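Close look at the chain arrangement
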Amino acid sequence: MTTKTNETEQTQTAGFTPLLTRAADAETTRDPSSVMTLLADSGHTGGRLTSYRSTFAEGAVGAPAHLHTKASEMFFVIDGALQVLVGEEITVLEAGDLLVVPPHTPHAFAAAPGRTADVLFVFTPGAGRFDYLRLLGRVMRGEADPQEIKDSSERFDNHYVDSPAWREALAARS
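Okay, so let's go over this structure. (Residues numbered from 1 in each chain as written. Predicted model: local features only at pLDDT ≥ 70, side-chain atom pairs only at ≥ 80, totals over all residues. Heavy atoms only, no water.)

Notes on helix α5 (residues 164-173)
An α-helical turn contains 3.6 residues, so any two residues separated by three or four positions project in the same direction. Of all the residues in α5, the buried ones are Ala-165, Trp-166 and Ala-169. Buried positions in α5, seen along its axis, are confined to an arc of 95° and lie on one side of it. Exposed side chains of α5 directed beyond 90 degrees from the buried face belong to Glu-168 and Ala-171. Tucked into the core, α5 has its buried residues touching β4 (61-67), β5 (72-86), β6 (89-94) and β8 (107-111). (Buried < 20%, exposed > 50% of the residue type's maximum accessible area, 1.4 Å probe, protein only. Helix = DSSP H or I, 4+ residues; strand = E, 2+ residues; numbered from the N terminus. Arc of directions from axis to C-beta. Contact = heavy atoms within 4.5 Å.)

Shown next as C-alpha cells:
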C-alpha cells in the first residue's frame, strides 16, 4: 500500500501530478475539415508529452510537409485511414496502425482519399502545442492571418518544408 509520503515523493520525482482528461470536459477546436480534442499539453505533464485527438472529414488534409527539431510525433489511427508522408515515402495507415516519426524527419498527413480518419497524436517531449492548434483553427476559419503560423515555427517546433512527393500525392486526389 502506498503512503501519502510516498505518493508525494513520486509526484515530485515525476515533475507533475497525475492528469485525467475526461472526454466530456476536453477542450475542442475545429476548422472546416477536422475537430481536435485537446487531451494533455506539456504544461500539465512536466514537459514529457503533449497529446490530442483529431477527427478528419472525408479526404481532409491534415498538415503540409513539416518537421520537428525537438519532438518525436506518434500517430495512432483509432478509426478510418490516414495517408502519411515520412521522408519521401507515402503510405496509408489503417485503424490500429501506429507510426512514430523521429525529430528532423519530414512528414505530412491527410485523411486517406475517400476516407475519414480518427487519430491520436502524441508528441514527446511535449511542446505547448495547444496554442498552435488553437491558432491553426483560427487561421483555417479565416479569423487569423496565415503569417502567424509561419512566425510561430520556433515557438511550436513546427518547421514547414517542401516535399515534391507530398505535393504530387495531394494533386492526385483532385
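Let's talk about the nonpolar core
Residues Phe-56, Phe-75, Leu-82, Phe-109, Val-119 and Phe-121 are the most contacted members of the largest nonpolar core, which totals 29 residues. Contributing elements (two or more residues each) for this core: β2 (34-40), β3 (50-56), β5, β7 (98-101), β8, β9 (117-124) and α2 (129-140). No other element matches the 6 residues that α2 contributes to this core. Contact partners of Phe-75, with chain neighbours within four places excluded, come to Leu-82, Leu-93, Asp-97, Leu-98, Leu-99, Val-101, His-107, Phe-109, Val-119, Leu-120 and Phe-121. (Core = buried A, V, L, I, M, F, W, Y, C linked by side-chain atoms within 4.5 Å.)

Digging into the pairing of β5
Pairing of β5 with β9 involves 8 bridges; the strand directions are antiparallel. Opposite Gly-80, over in β9, you have Ala-117 as the bridge partner. Of the strand pairs in this sheet, β5 and β7 are connected by 4 bridges, and their pairing is antiparallel. Among the inter-strand pairings, Phe-75 is bridged to a residue of β7, identified as Leu-99. (Pairing = 2+ DSSP bridges.)

Thoughts on unusual backbone geometry
Here Thr-124 and Pro-125 are connected by a cis peptide whose omega angle stands at -10°. Its place among the elements puts Pro-125 in the loop between β9 and α2. Look at His-104: it is not a glycine, yet its phi comes out positive at around 70°. Residue class for His-104 comes out exposed when judged on its relative accessible area of 53%.

Quick look at the pairing of β3
In terms of burial, β3 is a largely internal element, 5 of the 7 residues being buried. Pairing between β2 and β3: 6 bridges, direction antiparallel. Looking at β3, one finds that Met-36 is bridged to Ser-54.

A word on α2
A rise of 1.5 Å per residue sets the reference length of α2, with its 12 residues, at 16 Å; its end C-alpha atoms lie 16 Å apart and thus fit the reference within 8%. Turning to α2, its buried residues are Arg-129, Phe-130, Tyr-132, Leu-133, Leu-135, Leu-136, Gly-137 and Val-139. Among the residues trailing α2, Gly-142 stands out with phi positive, at a value near 80°. (Expected span 1.5 Å × (residues − 1).)

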